[in-house]
Amino acid sequence: MSHAIPSTPRYTTLTEIPKAPRYLLALQSGDTEVARQLLQHLPYETRLWQPEEASADFRQLNTLLQACHPGTHLCISGDETFIWNCRNQARAAGLLDAEMSLIKAADGRQAYCVHCSQLQPISQDDEVTCQHCGVQLTIREHFSKRLGAYMGVCLNADQPYGER
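Quick notes on the rules
- Residues numbered from 1 in each chain as written.
- Predicted model: local features only at pLDDT ≥ 70, side-chain atom pairs only at ≥ 80, totals over all residues.
- Heavy atoms only, no water.
- Helix = DSSP H or I, 4+ residues; strand = E, 2+ residues; numbered from the N terminus.
- Polar contact = N/O pair within 3.5 Å; in protein donor to acceptor, adjacent residues only side chain to side chain.
- Contact = heavy atoms within 4.5 Å.
- Core = buried A, V, L, I, M, F, W, Y, C linked by side-chain atoms within 4.5 Å.
- Buried < 20%, exposed > 50% of the residue type's maximum accessible area, 1.4 Å probe, protein only.
- Salt bridge = Lys/Arg side-chain N within 4 Å of Asp/Glu carboxyl O.
- Pairing = 2+ DSSP bridges.
- Axes fitted to C-alpha atoms, helices over the stretch in contact; angles between N-to-C directions.
- Patch = residues over 30% accessible without salt bridge, like charges linked within 9 Å, V, L, I, M, F, W, Y side chains within 5 Å.
- Areas by Shrake-Rupley, 256 points an atom, 1.4 Å probe, with all protein chains shown as cover.
- Lys, Arg positive; Asp, Glu negative; His and termini not counted.
- Charge placed at Lys NZ, Arg CZ, Asp CG, Glu CD.

## A few points about the side chain of His73
(1) Moving on: Checked against the element boundaries, His73 lands in strand E3 (residues 72-78).
(2) Moving on: In this structure the side chain of His73 is engaged in a polar contact, spanning 3.3 Å, whose partner is the backbone oxygen of Glu99.
(3) Moving on: Reaching out from His73, the side chain makes a polar contact with the side chain of Ser101 at a distance of 2.7 Å.
(4) Moving on: Look past the residues within four positions of His73 in its chain and what remains in contact with it is Ile17, Pro18, Ala20, Arg22, Tyr23, Leu24, Ala98, Glu99, Met100 and Ser101.

Now the structure itself:
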């Protein structure tokens, strides 16, 4: 029987979103099916933030978070990179994890290379080459909520340097 390690991110389904007097939805651009389902599931007075580009300007989300009334529940939907960027912005604005629902609706994720300290988007593969230092990495199950990334460590200890 396999157990998830404590750092493994946990995501919510539509039916698990708690009841709240108000909602703010943060949806990754292009996430139209999940947006339709969420808006259908939640009350009419739900506010929506959906950046038009993948490189979202989180200042607008911060402005919306600062204007939220107490009791507002934040629903974030997208890939892991988008979700954890939004979640960390919300935590900085004072929201607790219990005031957020994280809905993974896409496969994008990122890794943190422990050798050069760089974040980078990665595929779903467990082995990748660091885009910054060239080290062959194995992607660990450990997930950093602060960084929104999985840990990438040297795949082969006999070759700890990249080809760059």
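## Digging into the nonpolar core
Most often, soluble globular proteins keep nonpolar side chains buried together rather than apart.
(1) Moving on: Counting residues in hydrophobic clusters, the biggest one holds 29 residues, and the most contacted among them are Trp49, Leu61, Leu74, Ile76 and Cys86.
(2) Moving on: Elements that contribute at least two residues to this core include exactly strand E1 (22-27), helix H2 (58-67), E3, helix H3 (80-92), strand E4 (100-104), strand E5 (109-113), strand E8 (136-144) and strand E9 (149-154).
(3) Moving on: With 5 residues, H3 is the single largest residue contributor to this core.
(4) Moving on: Ignoring anything within four residues of it in the chain, the contact list for Leu61 reads Leu24, Ala26, Trp49, Cys86 and Gln89.

## Regarding the environment of Glu141
(1) Moving on: As for its placement among the helices and strands, Glu141 is situated in strand E8.
(2) Moving on: Expressed as a C-alpha distance, the spacing of Glu141 and Asp126, which sit 15 residues apart in the sequence, is 9.3 Å.
(3) Moving on: Beyond its immediate sequence surroundings of up to four residues, Glu141 is in contact with Ile5, Ser7, Thr8 and Tyr150.

## As for the pattern of salt bridges
(1) Moving on: Here the structure, examined in full by the defined rule, presents 2 salt bridges.
(2) Moving on: The closest approach of N and O atoms between Asp97 and Arg87, which form a salt bridge, is 3.1 Å. Note that Asp97 is positioned in the loop between H3 and E4 and Arg87 in helix H3, a separation of 10 residues in sequence.
(3) Moving on: One salt bridge in this structure joins Asp97 and Arg91, with 4.0 Å as the shortest N-O distance.
(4) Moving on: Each of Arg87, Arg91 and Asp97 takes part in salt bridges that share partners, so that together they form one network.

## Remarks on the sheet that holds strand E2 (residues 47-49)
(1) Moving on: Pairing in this open sheet of 4 strands is parallel, and the strands run E2-E1-E3-E4 from one edge to the other. Each having just a single partner strand, E2 and E4 make up the two edges of the open sheet. This sheet shows a mean twist of 15° between the axes of neighbouring strands, independent of strand direction.
(2) Moving on: Strand direction decides the pairing type here: E3 and E4, joined by 5 bridges, are parallel. Its bridge partner lying in E4, Gly78 is registered against Lys104.
(3) Moving on: Its contacts with the sheet place helix H1 (residues 32-41) against E1, E3 and E4, and it is angled at close to 175° to E1.
(4) Moving on: Here H3 sits on the sheet and contacts E1, E2, E3 and E4; the angle it forms with E3, its principal contact strand, is near 155°.

## Some details on a negative patch on the surface
(1) Moving on: Where like charges cluster on the molecular surface, the negative patch consists of Asp125, Asp126, Glu127 and Glu141.
(2) Moving on: Residue classification places Glu141 among the exposed positions, given a relative accessible area of 54%.

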